[in-house]
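Structural features, examined
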Number of protein chains: 2
Amino acid sequence: MTTLDESTRNGVDTATLFATLDAVKAAPEAAKFQFRARNEWISGTHSRGTIDGFYGVGEERTHERSFHFDADHPAVLVGRDNGPTPVEYVLHALATCLTAGLANIAAARGIRLTEVRSTVSGDIDLNGILGLNPEVRNGYQNITVRFTVKGDAPAEKLRQLVEQSRARSAVYDVITNRVPVTIEVSTD
Amino acid sequence: MTTLDESTRNGVDTATLFATLDAVKAAPEAAKFQFRARNEWISGTHSRGTIDGFYGVGEERTHERSFHFDADHPAVLVGRDNGPTPVEYVLHALATCLTAGLANIAAARGIRLTEVRSTVSGDIDLNGILGLNPEVRNGYQNITVRFTVKGDAPAEKLRQLVEQSRARSAVYDVITNRVPVTIEVSTD
């Protein structure tokens, strides 16, 4: 019999985590997921996203509630600042992905974390998206993640958690490697 | 003298948009921005992001308010569903970027939009991030954007708006091309 302390570490239910790994090993098709975000334009650069349904483990599923997020440009970029810019959401996605992985990996390795903070910064030259300089790319030129990680393990072990999280991060892979994007347009 | 109808189209202040373009043409350094997202781990796969400060047009700036967003995994992925998954935020970022660009470009071209909706979906095989199959990548295998665009222009002109937005989208560039990411870790 395991106690709560043994099976739950860093808020991660490690028993369920390992059971999930075993289940996917036995039925690899269960790991095929499709995630989705819907969006509705409001006005100008302001739009509202909804995240609710997804497909996984063989069936359509929904989050426990619908999540809604506004995006906009700040006034200095001719918007009304009703939400973060799209590119800021990318940095947020990277931070949350690396952090979730870190907590899971620490739990699996028996390391108790006490603090994980990060700041992700991305440098971008808007001469690209403004169409003013064809030699400047549209997106970030580089992204830097600065982590502070504390827990009951030597510094080297804590650093290895970040490295393993990077090696298994979906968002890190999306940003540092290419994902093909197809765009379809209906005007009906 | 321009009337509101002439200078504001689709909620885009086109006079300010063109003035901004002229200002950046005259001083290209103004277009160097740095965006940031901070993150604090809560428990398990749950973390909270904060987006407030950024650098641009030569100085440190802040959004009109701080934006906070939780991320988590759903129960089926051993989380507590306190927010969307990190990879869903990536899809949201892509939808909002393409949509903001579309509205700006339509305004610049004198096209009035009446409706812009989109759904972005991404297929991912979690055998990658679970470390169960080294041949499966961690991130999305492909992403599809489905737009519905309506406005006072022929279908072909509306489709061209989407194409031009794609060609100038920062998030599309980040996802379909590589961005180098540097990770630094402090354990103090």
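In this text the structure is predicted, and so the values were computed from the model without any measurement. (Residues numbered from 1 in each chain as written. Chains lettered and ligands numbered in written order. Predicted model: local features only at pLDDT ≥ 70, side-chain atom pairs only at ≥ 80, totals over all residues. Heavy atoms only, no water.)

Thoughts on the environment of Leu-161 of chain B
Residue and element names in this part refer to chain B. Along the polypeptide, Leu-161 turns up in helix α4 (residues 155-167). Residues Leu-161 and Ile-105, 56 residues apart in the sequence, show an inter-C-alpha distance of 6.5 Å. Ignoring sequence-local partners within four residues, the contact set of Leu-161 consists of Leu-102, Ile-105, Ala-106, Arg-109, Ile-111 and Leu-113. (Helix = DSSP H or I, 4+ residues; strand = E, 2+ residues; numbered from the N terminus. Contact = heavy atoms within 4.5 Å.)

Quick look at the pattern of salt bridges
A side chain of one charge can pair with a side chain of the opposite charge if their charged atoms are brought near each other. Per the stated rule, a full pass over the model turns up 22 salt bridges over all chains. One salt bridge in this structure joins Arg-36 of chain A and Glu-60 of chain A, with 2.9 Å as the shortest N-O distance. Residue Arg-36 of chain A is found in strand β3 (residues 32-43), and its partner Glu-60 of chain A is found in strand β5 (residues 59-71); the two are separated by 24 residues along the sequence. For Glu-60 of chain A, a relative accessible area of 49% gives the class partly exposed. A salt bridge links Glu-184 of chain B to Arg-146 of chain A; the nearest nitrogen and oxygen atoms lie 3.1 Å apart. Residue Glu-184 of chain B is found in strand β8 (residues 181-186), and its partner Arg-146 of chain A is found in strand β7 (residues 142-151); the two belong to separate chains. By relative accessible area, Arg-146 of chain A is classed as partly exposed at 43%. (Salt bridge = Lys/Arg side-chain N within 4 Å of Asp/Glu carboxyl O. Buried < 20%, exposed > 50% of the residue type's maximum accessible area, 1.4 Å probe, protein only.)

A word on the relation of the copies chain A and chain B
Structural alignment of chain A on chain B gives an RMSD of 0.0 Å, achieved by rotating through 180° and translating 0.0 Å along the axis. Interpreted geometrically, this transformation is the action of a two-fold axis. Interface residue correspondence from chain A to chain B reaches 100%, placing this contact among same-surface, isologous pairings. (Least-squares fit on C-alpha atoms with pLDDT ≥ 70 in both.)

Quick notes on the sheet that holds strand β6 (residues 113-125) of chain A
Taken together, the six strands give an open sheet; going across it, the order is β5(B)-β4(B)-β3(B)-β6(A)-β7(A)-β8(B), and neighbouring strands pair in mixed fashion. Edge positions in the sheet fall to β5 (59-71) and β8 of chain B, since each of these pairs with one other strand and no more. Each adjacent strand pair in this sheet contributes to an overall mean axis angle of 15°, direction not counted. By the bridge criterion, six bridges tie strand β3 (residues 32-43) of chain B to strand β4 (residues 46-56) of chain B in an arrangement that is antiparallel. Looking at the pairing, Arg-38 of chain B lines up with Thr-50 of chain B of β4 of chain B. (Pairing = 2+ DSSP bridges. Axes fitted to C-alpha atoms, helices over the stretch in contact; angles between N-to-C directions.)

With respect to α4 of chain B
Helix length check: α4 of chain B (13 residues) gives 19 Å between terminal C-alpha atoms against 18 Å at 1.5 Å per residue, within 8%. Those residues of α4 of chain B that sit buried are Leu-158, Leu-161, Val-162 and Ser-165 of chain B. Axial view of α4 of chain B: buried residues confined to an arc of 90°, hence all on one face. On its buried side, α4 of chain B packs onto β8 (181-186) of chain A together with α3 (86-108), β6 (113-125) and β7 (142-151) of chain B. (Expected span 1.5 Å × (residues − 1). Arc of directions from axis to C-beta.)

Concerning the interface of chain A and chain B
Contacts between the two partners involve 124 residues from chain A and, on the opposite side, 124 residues from chain B. Both sides of the chain A and chain B interface together cover about 11500 Å² of buried area, and 61% of this is carbon and sulfur. Along the contact surface separating chain A from chain B lie six salt bridges. For Asp-173 of chain A, the salt bridge identified is with Arg-137 of chain B, shortest N-O distance 2.8 Å. The interface formed by chain A and chain B contains 68 residue pairs in polar contact (both at pLDDT 80 or more). When residues of the side of chain A that touches chain B are assigned to their parent elements, the largest contribution, 17 residues, is made by helix α3 (residues 86-108) of chain A. Considering only residue class, the side of chain A that touches chain B consists of 60 nonpolar, 39 polar and 25 charged. The pairing of β6 of chain A with β3 of chain B spans nine bridges and is antiparallel. (Buried area = accessible area lost by both parts, 1.4 Å probe. Polar contact = N/O pair within 3.5 Å; in protein donor to acceptor, adjacent residues only side chain to side chain. Nonpolar A, V, L, I, M, F, W, Y, C, P; charged D, E, K, R; others polar.)

Regarding the layout of surface pockets
The calculated volume of the largest pocket comes to roughly 750 Å³. As for the largest pocket, its lining consists of 36 residues, and the residues nearest its centre are Leu-17 and Asn-104 of chain A together with His-73, Ile-129 and Leu-130 of chain B. For the lining of the largest pocket, the secondary-structure elements that each account for two or more residues are α2 (14-26), β3, α3 and α4 (155-167) of chain A together with α3 of chain B. Lining the second largest pocket are 28 residues; nearest its centre among them are Ile-129 and Leu-130 of chain A together with Gly-101, Asn-104 and Arg-168 of chain B. For the lining of the second largest pocket, the secondary-structure elements that each account for two or more residues are α3 of chain A together with α2 (14-26), α3 and α4 of chain B. Of all the elements, α3 of chain B adds the most residues to the lining of the second largest pocket, at six residues. By residue class, the composition of the lining of the second largest pocket is 17 nonpolar, nine polar and two charged. (1 Å grid on protein atoms, 1.4 Å probe; cavity = no way out; pocket = protein on both sides within 12 Å on 5 of 7 lines; lining within 4 Å. Points joined across faces, edges and corners; volume = space filled by probe spheres on them.)

Considering α3 of chain B
For α3 of chain B, which comprises 23 residues, the first-to-last C-alpha distance of 34 Å matches the rise-based estimate of 33 Å (1.5 Å per residue) to within 8%. Immediately downstream of α3 of chain B, the backbone of Gly-110 of chain B shows phi near 75°, a positive value.

Regarding the packing of aromatic side chains
Under the counting rule described, the total for this entry stands at ten aromatic pairs over all chains. When the centroid spacing of 6.3 Å and the interplanar angle of 10° are considered together, the rings of Phe-33 of chain A and Phe-54 of chain A count as stacked. Taken together, the residues span a long stretch of sequence, with Phe-33 of chain A in strand β3 and Phe-54 of chain A in strand β4 (residues 46-56) at a distance of 21 residues. Neither Phe-33 of chain A nor Phe-54 of chain A differs from the other in exposure class; each is buried. Look at Phe-69 of chain A and Phe-69 of chain B: their rings are 5.4 Å apart centre to centre, the planes differ by 75°, and that puts the pair in the edge-to-face class. In this pair, Phe-69 of chain A is assigned in strand β5 and Phe-69 of chain B in strand β5, connecting two distinct chains. (Phe/Tyr/Trp six-rings, centres within 6.5 Å; stacked < 30°, edge-to-face > 60°.)

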